[in-house]
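# Coordinate analysis (summary)
One letter stands for each residue in the lines below.
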Amino acid sequence: MTDKDSPSSTNAVLVLGANGKTGSRVRTRLTALGVPVRAGSRHGEPPFDWNDRGTWAAALDGMHAVYLAYAPDLAMPGATAALETFTARAAAAGVRRVVMLSGRAEPEALECEEIVRDSGPEWTIARCAFFAQNFSEGIFAGELRTGTLTLPAGPVPEPFVHADDIADVAVAALTADGHDGQVYELTGPRALSFAEAVAELGAACGRELSFTSVSRLEYIAALSMRGVPGAEISLLDYLFGVLLDGRNSRPADGVRRALGREPRDFAEYARDVAVSGVFSVTARGKSVGARAYN
């Protein structure tokens, strides 16, 4: 079933990762536009599970387009094999358009992009690195509510991208012509170190929030002590140990190219977080339970 209308509608969209930071926003926007949406998740109807290929055919049936967000990350072992099979099945099922969430400057993600490009349907690539929402909706949030955040991240700046901008670009590419064959590098308009980002969040929320930089070994040990699964630790170590070397520090023009406007600034995100109260004193100790890289 779809969120609205029949799954056989000519413009129906399968949104993978429909409950994630970007997928949920894409799903909401498409539904508001009257586009029939099928939620691609383990709890969807029909369900979709990247680890159960038997669920893929029913999820793809009748779909015109797909928002392709691979979980847990394109850098994980098995991602290329999964995408090769999935995109072949999507093309065979009649999917005409694929919009892919990709990783910025990740060699593994580039390999996955080639699979999507060669699969047959029209394609658009949205390359992103760290989301601004990682601080309030991801694995960082629980720790940051206590007043501090500890990560293996030094002074290298990151142009954190707003998840709403990712969703706006994805919806435009899913529903309008002119985006076929485009690769959009999506970032915020300025780069901040993690320490600067945490300080901006604290200033906006009227609460002292601090950042501590540690070594990768110290971070891995702390995650292990907290019982974080080994595969998740390996991925986080990769994200911080490889991608935060300055390769993504320069802001890109993908949002402007795709939408004709400037990207949302981190300050706007910080103001929204302040209004939400997610880092208020009364919110301390609550768990979000979302991964940092979805």
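Below: a short report on this structure. (Residues numbered from 1 in each chain as written. Predicted model: local features only at pLDDT ≥ 70, side-chain atom pairs only at ≥ 80, totals over all residues. Heavy atoms only, no water.)

### Observations concerning the pairing of strand 5 (residues 122–128)
- The buried count for strand 5 comes to six of seven residues, which makes it a mostly enclosed element.
- As paired elements, strand 4 (residues 97–103) and strand 5 share seven bridges and run parallel to each other. Looking at strand 5, one finds that Val-98 is bridged to Trp-123.
- Strand direction decides the pairing type here: strand 5 and strand 7 (residues 182–185), joined by four bridges, are parallel. Considered in strand 7, the bridge of Ala-126 is made with Tyr-184. (Buried < 20%, exposed > 50% of the residue type's maximum accessible area, 1.4 Å probe, protein only. Helix = DSSP H or I, 4+ residues; strand = E, 2+ residues; numbered from the N terminus. Pairing = 2+ DSSP bridges.)

### Some points on the sheet that holds strand 4
- A sheet is described by the order of its strands in space; here six strands give the open sequence 2-1-3-4-5-7, paired in parallel fashion. Each edge of the open sheet carries a strand with a single partner, namely strand 2 (37–40) and strand 7. The sheet shows a mean angle of 15 degrees between the axes of neighbouring strands, taken without regard to direction.
- Together, strand 1 (13–16), strand 3 (65–68) and strand 4 form the strand contacts of helix 3 (residues 79–92), whose direction differs from that of strand 3 by roughly 165 degrees. (Axes fitted to C-alpha atoms, helices over the stretch in contact; angles between N-to-C directions. Contact = heavy atoms within 4.5 Å.)

### Regarding the environment of Glu-106
- Mapped onto the fold, Glu-106 is located in the loop between strand 4 and helix 4 (107–117).
- By relative accessible area, which is 5% here, Glu-106 ends up buried.
- For the pair Glu-106 and Leu-243, spaced 137 residues apart in the sequence, the C-alpha separation amounts to 7.4 Å.
- Excluding its chain neighbours within four sequence positions, the residues that come into contact with Glu-106 are Asp-73, Ala-75, Tyr-238, Leu-239 and Leu-243.

### A word on the packing of aromatic side chains
- For the coordinates displayed, the defined rule picks out 21 aromatic pairs.
- Their ring planes at 55 degrees and their centres at 5.8 Å tell us that Phe-135 and Phe-194 sit as a pair that is tilted. A residue pair is termed long-range when its members are at least 10 positions apart, and Phe-135 in helix 5 (residues 134–137) and Phe-194 in helix 8 (residues 194–205) qualify at 59 residues.
- Here Phe-194 falls in the buried class, since its relative accessible area comes to 0%.
- Among the aromatic residues, ring-to-ring pairing joins Phe-130, Phe-135, Phe-140, Phe-160, Phe-194, Phe-211, Tyr-219, Phe-240, Phe-266 and Tyr-269 into one connected group. (Phe/Tyr/Trp six-rings, centres within 6.5 Å; stacked < 30°, edge-to-face > 60°.)

### Here we look at the side chain of Arg-97
- Tracing the backbone shows Arg-97 in strand 4.
- According to the relative accessible area criterion, Arg-97 is buried, its value standing at 9%.

### Remarks on the environment of Ala-270
- Looking at the element boundaries, Ala-270 is found in helix 12 (residues 266–276).
- What makes Ala-270 buried here is its relative accessible area of 1%.
- Measuring from C-alpha to C-alpha, the distance between Ala-270 and Leu-201 comes to 5.1 Å, with 69 residues separating the pair along the chain.
- Apart from residues lying up to four places away in sequence, Ala-270 is in contact with Glu-200, Leu-201 and Ala-204.

### Some details on the packing of helix 9 (residues 216–225) against helix 10 (residues 230–242)
- Between helix 9 and helix 10, the least distance of the axes is 11 Å, while the angle of their chain directions is 155 degrees. With respect to helix 10, the axis of helix 9 lies roughly antiparallel. The way helix 9 lies across helix 10 gives a crossing that is right-handed. In this structure, helix 9 uses Arg-216, Tyr-219, Ile-220, Leu-223 and Ser-224 to contact helix 10, whose residues at the interface are Ile-233, Leu-236, Asp-237, Phe-240 and Gly-241.
- Among the residues making up the contact of helix 9 with helix 10, the classes are represented as six nonpolar, two polar and two charged. (Parallel < 35°, antiparallel > 145°, perpendicular 65-115°, else oblique. Left-handed = near helix turned anticlockwise from the far one by under 90°. Nonpolar A, V, L, I, M, F, W, Y, C, P; charged D, E, K, R; others polar.)

### Points about the packing of helix 3 against helix 4
- Between helix 3 and helix 4, the shortest axis-to-axis distance is 9 Å and the interhelical angle comes to 10 degrees. Here helix 3 is positioned roughly parallel relative to helix 4, judged by the angle of their axes. Together, Ala-79, Thr-80, Leu-83, Glu-84 and Thr-87 of helix 3 and Glu-111, Cys-112, Ile-115 and Val-116 of helix 4 make up the contact between the two elements.

### A closer look at helix 3
- If you check helix 3, its first and last C-alpha atoms are 20 Å apart, about what 14 residues at 1.5 Å a residue would give, namely 20 Å.
- Looking at helix 3, one finds that the buried residues are Ala-79, Ala-82, Leu-83, Phe-86, Thr-87 and Ala-90. Each buried residue of helix 3 sits inside an arc of 115 degrees when the element is viewed along its axis, so together they form one side.
- Of the surrounding elements, those touching the buried residues of helix 3 are strand 1, helix 2 (56–60), strand 3, strand 4 and helix 4.
- Directly beyond the C-terminal end of helix 3, a positive phi value near 100 degrees is found at Gly-94. (Expected span 1.5 Å × (residues − 1). Arc of directions from axis to C-beta.)

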